[in-house]
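# Per-entry structural report
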Amino acid sequence: MTHPFLDLAPLTPAHFAAIEQRVARLMRTEQDVVIMQGEALLPLEAGIRSGARPGSTALNVVTGPYGQTFGNWLRDCGATVIDLAVPFHTAVTADQVREALAEHPEIDFVSLVHAEAATGNTNPVAEIGEVVREHGALFYLDAVASIAAEPVLPDAWGVDLCIIGAQKAMGGPAGVSAVSVSERAWQRFEENPRAPRASYLSLLDWKARWIDGGRKALLHAPAQLEMLALEACVERIESEGLDAVTARHATAAAATRAGAVALGVLEPYVHEARDAAPVATTLRAPAGVDASELVARALAADPALPLVAGGGALAKEMIRVNHYGPDATRGAVHASLAALGAALGEAGLTVDLEAARRAVTSAWE
């Protein structure tokens, strides 16, 4: 029996390298780009374990759950970690980063999440990158949620390690991811005796055997289906135009925020629109309403809607509209807010569905 997912011709090193080049263009970087054969947690952990070591001091910016995870990894590597935590309903500022660096001049590694899809905020990386560059620390950026939803410019921003994943705004597969690596970062890895080697986490293995080897032989059998899906989603972005894709996400975010407010009973979880991520909009459930129950009621009519409740401790109070990738559309926003409005009505609250519809339409136009 034949199947379109089976019995494929092998993915050659040349084809792999061509996909890698297209991803580098999408990231607008001249740095080395490594496509790793796993979900984005793979390069996220690999970057920290390659760059952090005993004796180093890291500034770890925490604006959501991923920042908390990075702090745990950094401590596990033996680094001294200074957490700069801000409330999840806002963003960190360049001045806050500057103050932390001035207070701790020994900091040589800074980790930051660009957009936190889990909490709906986004951080001003361009301004923060300038501060980090002046200080001289290695700059590590999680751009998994932000890539294709808003500008990601690792070279212009002085980012030494920029990690992306395809499963959110890119509208691609979750099983492969990528990281751009600066020359400073490669040198740091080489000088770190605890950097992973001969390991699935090893970026140095990719440097020695793939990049320095002229991209002639892959380290191991590639995740072929995921690589082909990655190529397809990059082609789709190229066809639409990256600027058009990011503009579509920005419009979806503005329309969702405006429509949710117009319903009359929901408040944006992120207080200021400038701090809100274009990849997802988080909303605070009304007092006395369980967010997880509300979302379940909304999804009962259409399980395909991009609605989820907040994770962990936020499950009872946060609603998240994941308007990314194929759901960054007017139709998805209208349908999501209509379902939430209907669920709120069933819960006994008075909502203005028509005002929400007009707000979404106005924002989109």
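Here goes a summary of the coordinates provided. No experiment lies behind these values; they were computed from the predicted model shown.

Our next topic: the side chain of Ser182. With respect to the helices, strands and loops of the structure, Ser182 is situated in the loop between β9 (177–181) and α7 (183–191). Classification of Ser182 as buried rests on a relative accessible area of 8%. Non-local contacts of Ser182, meaning those with residues more than four positions away in its chain, are made with Gln31 and Asp160.

This next bit is on the sheet that holds strand β13 (residues 318–321). The four strands are arranged β10-β11-β13-β12 in an open sheet whose pairing can be described as antiparallel. The open sheet has two edge strands with one neighbour each: β10 (267–268) and β12 (307–309). Direction of pairing for β12 relative to β13: antiparallel, over a ladder of three bridges. Bridge pairing in β13 links Val308 to Arg320. Contacting β12 and β13, helix α11 (residues 291–301) runs over the sheet at an angle of about 155° to β12. Sitting on the sheet, helix α12 (residues 330–346) is in contact with β11 (281–284), β12 and β13, with an inclination near 155° to β13.

Attention now goes to the packing of aromatic side chains. This structure, assessed with the given rule, holds seven aromatic pairs. A centroid spacing of 6.0 Å and a plane angle of 15° characterise the contact between Phe16 and Trp206, whose relative ring orientation is stacked. Within this pair, whereas Phe16 is found in helix α1 (residues 13–27), its partner Trp206 is found in helix α8 (residues 203–211), the two being separated by 190 residues in sequence. With respect to class, Phe16 is no different from Trp206; both count as buried. With centroids separated by 5.4 Å and ring planes inclined at 80°, the aromatic side chains of Phe16 and Trp210 adopt a geometry described as edge-to-face. Of this pair, Phe16 sits in helix α1 while Trp210 sits in helix α8, placing them 194 residues apart in sequence. Assigned by exposure class, Phe16 and Trp210 land together as buried. Of the aromatic side chains, those joined through ring pairs into one cluster are Phe70, Trp73, Phe109 and Tyr140. When the ring centre of Trp186 is taken as reference, the NZ or CZ atom of Lys207 above it lies at 5.7 Å.

Turning next to the pattern of salt bridges. Applying the stated rule across the entire model yields 21 salt bridges. Here Arg188 ties to Asp108 by a salt bridge, and the two come within 3.4 Å at their closest N and O atoms. Taken as a pair, Arg188 in helix α7 and Asp108 in the loop between α4 (94–103) and β4 (109–113) lie far apart in primary sequence, 80 residues in all. With a shortest N-O distance of 4.0 Å, Asp275 and Arg274 are connected by a salt bridge. For Asp275, a relative accessible area of 10% gives the class buried. With relative accessibility at 66%, the residue Arg274 sits in the exposed group.

Parameters and conventions
Residues numbered from 1 in each chain as written. Predicted model: local features only at pLDDT ≥ 70, side-chain atom pairs only at ≥ 80, totals over all residues. Heavy atoms only, no water. Helix = DSSP H or I, 4+ residues; strand = E, 2+ residues; numbered from the N terminus. Buried < 20%, exposed > 50% of the residue type's maximum accessible area, 1.4 Å probe, protein only. Contact = heavy atoms within 4.5 Å. Pairing = 2+ DSSP bridges. Axes fitted to C-alpha atoms, helices over the stretch in contact; angles between N-to-C directions. Phe/Tyr/Trp six-rings, centres within 6.5 Å; stacked < 30°, edge-to-face > 60°. Lys NZ or Arg CZ within 6 Å of the ring centre and 35° of its normal. Salt bridge = Lys/Arg side-chain N within 4 Å of Asp/Glu carboxyl O.

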